[in-house]
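Per-entry structural report
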Amino acid sequence: MGNTSLRIHPAIGMARVGNSPDYYLGPETMAASPQEGTEITGGLPIKKGTESTTINSSDLRDAQGQLKKQAARFKIFQYPNSEASVGYPAKGGDEVIIGSIVDNKKVVDIIWTVHLANKKANCWEIDEVANKGVKLYENGHFPPLRNLNFKSASSNPSDPTRLKKLVIDAGPRAIQASKGTIPVKFNSNTKANYYDINSGGIVEQPNYPIQFPASQGSSLNGSAPIDYLGEILTETNGRLLVLGGFGLACAFDNDGNYDPNQNLCKDVDNDNWLDDTSDGVVNAVLVFEDGTKHALEGSAWVVVTDPAYAPQTLNVVSLWDDVYNTWLEKFNLRPEVFSNGKYNVDYKPFFLDDVYPTLNAAHMQMWNTNLPSRAIDAHYRMMQLTENKPSIDIMQFIRNPDGSQDDKGAPLMPLSLGDSDKGFLSLSRQQYFFMQQWNNGLSPGATPIQLGEGEQLDKTILVNCLGGRFSPGIDMTFIARDPNLYNQDWKNPSIGTFRINAKGLDYSQVNVNTPFLGIGYIPLRPDQVEPGDLCKFMSIPWHTDYNSCATHTPAPNPGGTVNKENLYSGDVNTTLFWSWPAQRPVAVYTFEDLMANTSNNGALPEQRFSLRGKGTAAVENLTPPGCPVSGDFDMKAMNVGRYQNRRDFLTEWVNVGTIIQGPAIDDYPEGFDKKYYLEVASNFKEDDSNEVVFWPNVVDDEVYPPKA
Amino acid sequence: MKNKIQALYLLILILGFVSCKKSNKTADKPAEVENELIVEKTSNPSGIDGNCVAPLDWFNGSVPEPKPKDFPPDSLKLSNCDFHLVSWQYFLWLTEEVNGKLRFESYFTNKAIHPESKNDQYHVLDIVEQALSKGLLVDQNNRALYSNILINDIYRDWVLDNKLYDPEVYANFDPTRNFPVGSVSLKTSWKIVQPGEDVSKLHTSSYDIELLSNVKGVPRIDKNNPKIQKNVNVALVGLHIAVVVKGHPEFIWASFEFDGNAPDFGDQQDPNKSVSDKDWLLYKANTTARQSNANNARTLSFINENDQTLKPVTQVARQFAQGGGSETNIGNIKHLNTNVKEQLSANSKWRNYFEVGAVWFNTDKGVLKPKWDPNIDNTMVTGSIKLSNSTIETFTQNIRSENQCFSCHNSMGLTDVPQGRPMLAGKNINTSHILLRNYNDGREIPISN
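Residues numbered from 1 in each chain as written. Chains lettered and ligands numbered in written order. Predicted model: local features only at pLDDT ≥ 70, side-chain atom pairs only at ≥ 80, totals over all residues.

Section: the overall build of chain A
Check the secondary structure of chain A and you find nine helices and 27 strands. In terms of overall dimensions, chain A is globule-like: its C-alpha atoms have a radius of gyration of 24 Å, near the 27 Å expected for 708 residues. For the C-alpha atoms alone, the extent of chain A along its principal axes is close to 75 × 65 × 55 Å. The proportion of buried residues among the 708 residues of chain A is 59%. (Helix = DSSP H or I, 4+ residues; strand = E, 2+ residues; numbered from the N terminus. Rg over C-alpha atoms; globule rule 2.2 N^0.38 Å. Buried ≥ 20, exposed ≤ 12 C-beta atoms within 10 Å, placed from the backbone.)

Put into structure tokens, the structure is as follows:
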């Protein structure tokens, strides 16, 4: 189009479920990053109806105490068509809103089309036993398929019965910003519609095979029929907001009928269950004053996932780090950093962008974990380092991501559980490289790369998500490292970077009796991506994985799986480590406890477990109802900080508190430390879990009742 | 009697030579097949793996002073047994009575690294916190066990000569320099003797102790204002001996305990089964393994501060008998312990103590260098590779990254340092926590995590 290219940002947006119909906007600043003009660091969500006003503690829940959803906000940016705009970063980029001028034409409206679906139940298992991640897709292989026992369906995921009965497909919905004050819902009561390029308007597609399987029945014990995946609406300036589901899980029998009595026996791959997370493509059309329209060539993608219970806690390895690594190493994104298969040893990393976030993230873990004071102090010291060459060799403490130290725990950092098939977490390769370069004294004099506002948004959204530990993780999984996931035509100025390789969907060609969506994207294969293909690899339902991912022993364990016979051999690692604490807080300091003893000069109170409702007191060898007796070795300390019966979390996730910074908490005392990050808005009135004991914890630790 | 012992010794020696055809090797050396070679390659005719026995001259009068400079530096000439022998020799020599005191009781305290207190020999028992865990070992009488740290003149003088008590000097000190041969540091472990308690098998002594008080709500020694109780009757239950011998600047870390302290875990010890059906000094009969060695850092409280009684009692068990290691290592320790006890006079209380184990480097596989941690590279660590003293490292025995001496006593850098002080680079002498603690203004030395 003329002299201008248009792109939607963020390339991948994140919405988060909530049981409230109300919402706030997802954060548009990077977690824990210093913000100009305020003591409040980045990562806090934004109040709805505002440009960037961050929420307070009272904004987390609605008047009924329900947890608000987090909306993903999408914006359109225009880039001048020049040499500069085809690289990374693309120079410039101005937001296009209603009233903006694009190629000398005034924008009077924006039409958005979004398609949400959930294919989890017709996906392959993450395979908790094999624990190999993407390797299970290598050489033409697949992991086992979920719901293999489903009614009369073959083990072929393209079986029409499977596609119909195991896939939630709300279909496309379009919204015109000028009429966008009324949300458009992705539910079974509304018709699919979309922007039709031929007619130049939104057209209804009554024959679209909207699928909400097993949606007839009554809620029971955390199972609820799912007939809604979310909704879209627009801001008055034309930006799109995507809201996700209510955080429901839904059980069904092998005939595909709603059946709340199904068991929930695994942490990740539960057959006979659905949830209402989703993902899908986002498209936009500009409407000009002269009546002409312009459909943007490129699309964005929205992913709906779990709530952000600690939005300001930065992951040591974020989803951005994994996506960025893939683009550096596979797409020649920044040849000055990585080219011809290796990193440039002369590259000067910009400390504040390339190194500091990793150091800061380590420091931030104290708010979500039971780190001992010695570790907190050490992290704090590291966080205070500057761009100058550190006085000692910091790399002695950093695990090499080359795989040689995957089974080495302390003193190597990060000291949390690793990716699939890796005992411990490693930094992404470019994180490690940047840190090496800084450690060698190459940071002073470095210049930052200047991201435009849109590209910064691409990065920010992913920085605030979990990376590193993709077994499967919670926001996106190992597919983030698969080049096949992305549109490789990134130098096309109308496409740009970090775009999902979206399959073109022709909504004019549908059959009401035939599932519209197929298998779609398969890891390590070139198949293009359909709605539902990103979330499908995640835990089903997400709740069980979240509940489980408190602390575990490393897997693989260097001495083999812990059992009764080898427990005291010293060869197995019986120490418990955190899974992904920045995204799934384990131990927290509560604002309520802080205020209960204000005479303590604002000193931090003792910690509590984030999950601490009835049913969280640790027991061992518990067999959840209907589940086979597990032969796995089990001791109480292995089960602290979570619901002992997975099913309980299906209803209790709404009661989990959120960790935010002191100054963002209503009535935060003036003299108290403004760098505290405290849990607020927890609905757990009683602590029924266990006392938090500082790390290191081992599997045979005694557990104690929680403090009063 | 003496002739009988000598005859037995010769018999063992001969049998040992025979058995060594198959099993004799250093901890990591292939077995040698020629008896002559075996003799030639051991530093002492008695230092034979598989037949590890103490020389007779240790038991005829005074214990010969160990000669760390004569320790064979060439590992080809060293056996696993040699390290245990020198460990035992130090133990016997240090516990030998000289002028009415045990030899180690005339050592300097760790305060002697400062010029102003360089002659400090006031052996107040001033440590109750166990390393890293913040727990206290509470004995069956509800009293805390006590420790102190001692050094010899070689250690002290070298630190003073190099001004390593000065943090700035320490920070800039050559990372590759080592402690001089002959440096010794000790950590003692004492149980408070109750009135009427049978301690006939233990070495007892009278020491001043620093009393516990409520520090931030938990029983601790108030280091800012410690209360002292004079002349408390205490019994020695554990002794760490760290010594630099020629070729081993990493120190040989040896540990000794009273026989009756605590039971060993059994093979494939079941966590829900008792470790022993007998009462031990620090263990109540039929306590399960999972209830043993329970860190009380979060549960500790006074029963009565006035009489210094605490709860809960710690039930101590030794997770790794002999500190683990190879069969050769374990066999040597067992054999040598038996042998020494047999040779000690019947009225020697040291017959009631044993070497738990010792750990050092196989220098064919690596030598001490800065930024080394066994949790990253343990290839050169040999001997009792999971060595803890059950009275000093009770609560860290089951933590894989903390369950041996080098886990903490290594050459990694230190990041958790007082504000305003530079982070400390990895150095060979960081193996000594006396110096690290001094650099850290007396704060606990964290392992890196």
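Let's pick the thread back up.
A closer look at the overall build of chain B
Helix and strand counts for chain B come out as eight helices and 16 strands. Here the contacts in chain B between residues at least 6 apart in sequence split such that 70% fall between residues at least 24 apart. (Contact = placed C-beta atoms within 7 Å.)

Digging into helix H3 (residues 351-364) of chain A
All names here are of chain A. At Pro357, H3 shows its maximal bend, which comes to roughly 35°. Of all 14 residues in H3, 12 are buried; the element is thus mostly enclosed. Turning to H3, its buried residues number three or more, namely Phe351, Asp354, Val355, Tyr356, Pro357, Thr358, Leu359, Asn360, Ala361, Ala362, His363 and Met364. Buried residues in H3 make contact with helix H4 (373-383) and helix H5 (429-439). (Bend = angle between axes of the 7 residues up to and from the residue.)

Topic: unusual backbone geometry
All names here are of chain A. Between Ser471 and the following residue, Pro472, the backbone shows a cis peptide bond with an omega angle of 0°. Among the structural elements, Pro472 can be located in the loop between helix H6 (453-463) and helix H7 (542-548). In the segment running from Ile540 into Pro541, the intervening peptide bond is cis, with an omega of -10°. Within the secondary structure, Pro541 is located in the loop between H6 and H7. The backbone of Asn131 shows a phi angle near 55°, a positive value even though the residue is not glycine. Turning to its location among the elements, Asn131 is positioned in the loop between strand E7 (105-118) and helix H1 (160-165). Overall, Asn131 belongs to the partly exposed group, with 16 C-beta atoms counted inside 10 Å.

Describing the environment of Pro411 of chain A
All names here are of chain A. If you trace the backbone, Pro411 turns up in the loop between H4 and H5. Here Pro411 falls in the buried class, since 25 other C-beta atoms lie within 10 Å of it. Residues Pro411 and Gln396, 15 residues apart in the sequence, show an inter-C-alpha distance of 8.6 Å.

What about the interface of chain A and chain B?
A common way to express how large an interface is: the accessible area buried when the components associate. Taken together, the contact pairs 33 residues of chain A with 38 residues of chain B. In terms of residue count, the dominant contributor to the side of chain A that touches chain B is H4 of chain A (six residues). The class makeup of the residues in the side of chain A that touches chain B is 15 nonpolar, eight polar and 10 charged. (Nonpolar A, V, L, I, M, F, W, Y, C, P; charged D, E, K, R; others polar.)

Considerations on the sheet that holds strand E22 (residues 575-578) of chain A
A sheet is described by the order of its strands in space; here three strands give the open sequence E21-E22-E27 (chain A), paired in antiparallel fashion. Two strands close off the open sheet at either side, each with one partner strand: strand E21 (551-552) and strand E27 (697-698) of chain A. (Pairing = 2+ DSSP bridges.)

Brief notes about the packing of helix H3 (residues 80-94) of chain B against helix H6 (residues 327-343) of chain B
Residues and elements named next belong to chain B. Running from N to C, H3 and H6 point in directions that differ by 40°, and their axes come no closer than 9 Å. Put simply, H3 runs oblique to H6. In terms of crossing hand, the pair formed by H3 and H6 is right-handed. Packed against H3, whose contacting residues are Asn80, Cys81, His84, Leu85 and Trp88, the element H6 presents Thr328, Asn329, Asn332, Ile333, Leu336 and Val340 at the interface. (Axes fitted to C-alpha atoms, helices over the stretch in contact; angles between N-to-C directions. Parallel < 35°, antiparallel > 145°, perpendicular 65-115°, else oblique. Left-handed = near helix turned anticlockwise from the far one by under 90°.)

Overview of the pairing of strand E4 (residues 69-80) of chain A
Residues and elements named next belong to chain A. Judged by how many residues are buried, E4 sits mostly within the fold: 11 of 12 residues are covered. One ladder, built from six bridges, connects strand E1 (residues 4-9) with E4; its direction is antiparallel. Residue pairing for E4: Ser5 is matched across the bridge by Tyr79. In terms of strand pairing, strand E3 (residues 23-25) meets E4 through three bridges, oriented parallel. Counted as the bridge partner of Leu25 is Ala71 from E4. With three bridges connecting them, E4 and strand E13 (residues 240-243) associate as antiparallel partners. Bridge pairing in E13 links Arg73 to Leu241.

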